[in-house]
Amino acid sequence: MSQLSILGFIAIGGAFGACSRYLISELCIVLLGRGFPYGTLTVNVVGSLIMGLLIAAFENGQLSTEPWRQIIGLGFLGALTTFSTFSMDNVLLMQQGAFLKMGLNVLLNVVLSISAAWVGFQLLIKT
């Protein structure tokens, strides 16, 4: 696979991931409000679940690594899950003195995202 086609696959996946991230974040604001960074939490957990499914599908031979690693793993999930936004959300909560919310956000993102990746992996690895 040429370097240009790899970059093209990443770009296509990234465009869908970025748009998905925006839409999910907006939906979370509409449904749950702005009092907590629900959008970032949601994309991190969903992205981790998808990553677990993807890695298990590669290991089981259910999905070929190329070009799906570039499209989904690097492009889509790279744009969907945004650790930099997670970090900024926590800095803003800290600046507002909302240390309990910040701690809850860190704990939920880490625990739920790792758990979601494990669940995604388990869903496909056993099949």
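Just so we're clear, the structure is a prediction, and the values are computed from it rather than from any experiment. (Residues numbered from 1 in each chain as written. Predicted model: local features only at pLDDT ≥ 70, side-chain atom pairs only at ≥ 80, totals over all residues. Heavy atoms only, no water.)

Turning our attention to the packing of helix α1 (residues 3–32) against helix α2 (residues 38–60). Here α1 crosses α2 at 130°, and the two axes come no closer than 8 Å. Taken together, the axis directions place α1 and α2 in an arrangement best described as oblique. Here α1 runs over α2; the crossing is right-handed. Residues R21, I24, S25, C28 and L32 of α1 pack against Y38, G39, T40, T42 and V43 of α2. For the contact of α1 with α2, the per-class residue count stands at 5 nonpolar, 4 polar and 1 charged. (Axes fitted to C-alpha atoms, helices over the stretch in contact; angles between N-to-C directions. Helix = DSSP H or I, 4+ residues; strand = E, 2+ residues; numbered from the N terminus. Parallel < 35°, antiparallel > 145°, perpendicular 65-115°, else oblique. Left-handed = near helix turned anticlockwise from the far one by under 90°. Contact = heavy atoms within 4.5 Å. Nonpolar A, V, L, I, M, F, W, Y, C, P; charged D, E, K, R; others polar.)

Residues spaced three or four apart along an α-helix face the same direction, because each turn holds 3.6 residues. Taking 1.5 Å per residue as the helical rise, helix α3 (residues 65–80) with its 16 residues ought to reach 22 Å, whereas the 20 Å between its terminal C-alpha atoms falls clearly short. Burial in α3 covers these residues: P67, Q70, I71, G73, G75, F76, L77, A79 and L80. (Expected span 1.5 Å × (residues − 1). Buried < 20%, exposed > 50% of the residue type's maximum accessible area, 1.4 Å probe, protein only.)

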